[in-house]
Amino acid sequence: AVVSTQSTGETTVMQTIEYARASLQEIAHERDGHIDVQKVKMDAHYFVKQVQMINDKMIQAINYLGDASSALPNNGNVYNCEKDFQLAYEQCVLMIERLD
């Protein structure tokens, strides 16, 4: 068994390219003036679905990176918690200084 080192993103891109190749190959190798239109349509349909899936994943990754690099809360961002803690700490220090 061959151990795959490809990520799911790479696998998706490879499948997408394969669907495009299959469609083009069928069109290029028409037999006796006949093209298997159903096969071309099916491969083209899968190609479009794969491209949409890649696009959705890329948009999701871009949105996540945008959120993670800003103060917006998200699953991978601790910036807001750290900032809230820092502000609370500074307010406590100010209160203690005023009480002294």
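A brief structural summary. Keep in mind that what you see is a predicted model, and the values were worked out from it rather than measured.

**Comments concerning the overall build of the protein**
Then comes step 1: A count of helical and extended segments in the protein gives 3 helices and 0 strands.
Then comes step 2: Each helix (α) and strand (β) of the protein, taken in turn from the N terminus, gives the series α-α-α.
Then comes step 3: Within the protein, the proportion of its 100 residues that are buried is 11%.
Then comes step 4: Considering only contacts within the protein whose residues lie at least 6 apart along the sequence, 38% involve residues at least 24 apart.
Then comes step 5: Surface accessibility of the protein: about 8400 Å² in total, with carbon and sulfur atoms responsible for 62%.

**Some points on helix 1 (residues 8-28)**
Side chains of residues three or four places apart in an α-helix project in the same direction, reflecting 3.6 residues per turn.
Then comes step 1: In this model helix 1 runs 30 Å from its N-terminal to its C-terminal C-alpha over 21 residues, within 8% of the 30 Å that 1.5 Å per residue would give.
Then comes step 2: Considered for burial, the residues of helix 1 that qualify are Thr 12, Thr 16, Ala 22, Ser 23 and Glu 26. The buried residues of helix 1 occupy an angular sector of 120 degrees when projected down its axis, which confines them to one face. For helix 1, exposure combined with an orientation more than 90 degrees from the buried face picks out Ile 17, Leu 24 and Ala 28.
Then comes step 3: In the core, the buried residues of helix 1 are packed alongside helix 2 (37-68).

The rules we used
Residues numbered from 1 in each chain as written. Predicted model: local features only at pLDDT ≥ 70, side-chain atom pairs only at ≥ 80, totals over all residues. Heavy atoms only, no water. Helix = DSSP H or I, 4+ residues; strand = E, 2+ residues; numbered from the N terminus. Buried < 20%, exposed > 50% of the residue type's maximum accessible area, 1.4 Å probe, protein only. Contact = heavy atoms within 4.5 Å. Areas by Shrake-Rupley, 256 points an atom, 1.4 Å probe, with all protein chains shown as cover. Expected span 1.5 Å × (residues − 1). Arc of directions from axis to C-beta.

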